[in-house]
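A closer look at the structure
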Amino acid sequence: GAVVSQHPSRVICKSGTSVKIECRSLDFQATTMFWYRQFPKQSLMLMATSNEGSKATYEQGVEKDKFLINHASLTLSTLTVTSAHPEDSSFYICSAHTGETGYTFGSGTRLTVV
Amino acid sequence: AQSVTQLDSHVSVSEGTPVLLRCNYSSSYSPSLFWYVQHPNKGLQLLLKYTSAATLVKGINGFEAEFKKSETSFHLTKPSAHMSDAAEYFCVVSAGTTDSWGKLQFGAGTQVVVTP
C-alpha cells in the first residue's frame, strides 16, 4: 500500500535554531499534504494544507512565517520550524492525500526544543 | 462545519472481553468517517472507514464500526480485546463525499488499556 516516509523520527534542537522535517510519498504522488501537530495526551490539530507547486494554506492561529511549508514536488513536502522555542516541542505528523490512496500518514517526528 | 466527539477519554478492558469506543459526529454534509489507532510515539494506522456504502464497516484486527445516521454515531467495537490493542484511538470525520475529500477533524482520542 501507499507509504509516507517521515524524517527525522526524533530531533532535539537548541532554542533559536531551525529544524526541517521531511515527508516523502513512496510509490505514489501526493497532490496534497496535510501537516498536524500533536501535544502530549492531546489530539491532532491541523496546522496547514499544502498542494504541490502552490503556497500552503494555514489554519487560524498558525504562524506561517514560523512554520514554513514547501511542497515543491509531488513526492516531497517539508515543514521547517524556524527560530524554535520550547513551546514548539511537539509531535508533528504529515498526511499525504490522493483520490486513489486516500489519506496516508507519516510515522511522526518528536521535536524537543531545549 | 463538522466536529467529532469521543465520549470516553479512557477505556479499560480485560483481555478477551469486548471493547466499545463511542463516537458521535456532526457534519453539514454526508460525512466520511474513520477510526485510526496510534501506538506511543508512532504515526496513525487506519482501522476502518465509512464512505456512504455499507453502514456496518469491518476493519483490520477484528474491529468493526456501525454508522447510524439517526444517532449521528460511529461506534467502534471488537468482540475480544487483545493486549496489543492497548493504544490511543481516534475517531475522525471528513466533510464531503468520496469525490471531494476534505480536511480531517480529529476527536480528542480514547486511551485503551487492556489488563491481563
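Everything quoted here is computed from the prediction, not taken from an experiment.

Basis of the calculations
- One numbering rule holds for all chains: residues counted from 1, following each sequence as written.
- By the order in which they are written, chains take letters starting at A while ligands take numbers starting at 1.
- Totals for whole chains, interfaces and linings use all residues, but because this is a predicted model, local features are given only for residues with pLDDT of at least 70 and pairs of side-chain atoms are given and counted only at 80 or more.
- In computing side-chain values, all of the structure's heavy atoms are included and hydrogens and water are not.
- Salt bridge criterion: a side-chain nitrogen from Lys or Arg within 4 Å of a carboxyl oxygen from Asp or Glu.
- Think of it in three bands: residues with accessible area under 20% of the maximum for their type are buried, residues over 50% are exposed, and the middle band is partly exposed, with areas taken using a 1.4 Å probe on protein chains only.
- The numbering of helices and of strands both runs from the N terminus, where a helix is a DSSP run of H or I of at least 4 residues and a strand a run of E of at least 2.
- Two N or O atoms count as a polar contact when they lie within 3.5 Å, although within protein this holds only if one can serve as hydrogen donor and the other as acceptor, and sequence-adjacent residues are included solely when both atoms are side-chain atoms.
- Contact definition: two residues touch when any of their heavy atoms are within 4.5 Å.
- Should DSSP find at least two bridges between two strands, the strands are taken to pair.
- Each axis is a line fitted through C-alpha atoms, and for a helix only the stretch in contact is used; angles between axes span 0 to 180 degrees, taken between their N-to-C directions.
- A pocket here means an open set of points on a 1 Å grid, computed over the protein atoms alone, that has protein on both sides within 12 Å along at least five of seven lines. A cavity is instead a set of points where a 1.4 Å probe fits but cannot get out; residues with an atom within 4 Å of a point line either one.
- Grid points are joined across faces, edges and corners, and a volume is the space filled by probe spheres set on the points.
- Three residue categories are used. Nonpolar comprises Ala, Val, Leu, Ile, Met, Phe, Trp, Tyr, Cys and Pro, charged comprises Asp, Glu, Lys and Arg, and polar comprises the others, including Gly.

1. Section: the pattern of salt bridges
The full count for this structure, using the stated rule, is 5 salt bridges over all chains. Taking the shortest distance from any N to any O, the salt bridge between Arg 24 of chain A and Glu 22 of chain A comes out at 3.7 Å. Exposure remark for Glu 22 of chain A: the relative accessible area of 28% places this residue in the partly exposed category. A salt bridge links Arg 22 of chain B to Asp 8 of chain B; its shortest N-O distance comes to 2.9 Å. Taken together, the residues span a long stretch of sequence, with Arg 22 of chain B in the loop between β3 (19-21) and β4 (23-27) and Asp 8 of chain B in the loop between β1 (2-6) and β2 (10-14) at a distance of 14 residues. Looking at Arg 22 of chain B, the relative accessible area reads 32%, which means it is partly exposed. Taking the relative accessible area as the measure of exposure, Asp 8 of chain B reaches 19% and is therefore buried.

2. As for the side chain of Ser 43 of chain A
Locating Ser 43 of chain A in the fold gives a position in the loop between β4 (32-38) and β5 (44-51). Here Gly 107 of chain B takes part through its backbone oxygen, which lies 2.4 Å from a polar atom of the side chain of Ser 43 of chain A. The residues touching Ser 43 of chain A, leaving out its near neighbours within four places in the chain, are Arg 37 and Gln 38 of chain A together with Phe 90, Phe 106, Gly 107 and Ala 108 of chain B.

3. Digging into the sheet that holds strand β8 (residues 76-81) of chain A
Residues and elements named next belong to chain A. On the basis of which strands lie adjacent, the open sheet formed by 4 strands has the order β1-β3-β8-β7 and antiparallel pairing. Edge positions in the sheet fall to β1 (3-7) and β7 (67-73), since each has one partner strand and no second. On average, each strand axis in the sheet is tilted by 15 degrees relative to the strand beside it, whichever way the strands run. When strand β3 (residues 19-26) meets β8, the two strands line up antiparallel, connected through 6 bridges. Bridging from a neighbouring strand, Glu 22 pairs with Thr 78 of β8.

4. Things to note about the layout of surface pockets
Any empty space left between atoms is shown by rolling a water-sized probe over those atoms. Within this model, the largest pocket holds a volume of roughly 420 Å³. Along the wall of the largest pocket there are 18 residues; nearest its centre are Gln 38 and Lys 41 of chain A together with Gln 38, Glu 88 and Gln 111 of chain B. Ranked by the residues each element gives to the lining of the largest pocket, the list is headed by strand β10 (residues 87-94) of chain B, at 3 residues. By residue class, the composition of the lining of the largest pocket is 7 nonpolar, 8 polar and 3 charged. Of the pockets and cavities examined, the second largest pocket occupies roughly 160 Å³. Taken together, Tyr 36, Leu 44, Met 45, Leu 46 and Glu 59 of chain A together with Gln 2, Lys 103, Leu 104, Gln 105 and Phe 106 of chain B form the lining of the second largest pocket. Looking at the lining of the second largest pocket, its residues break down into 6 nonpolar, 2 polar and 2 charged.

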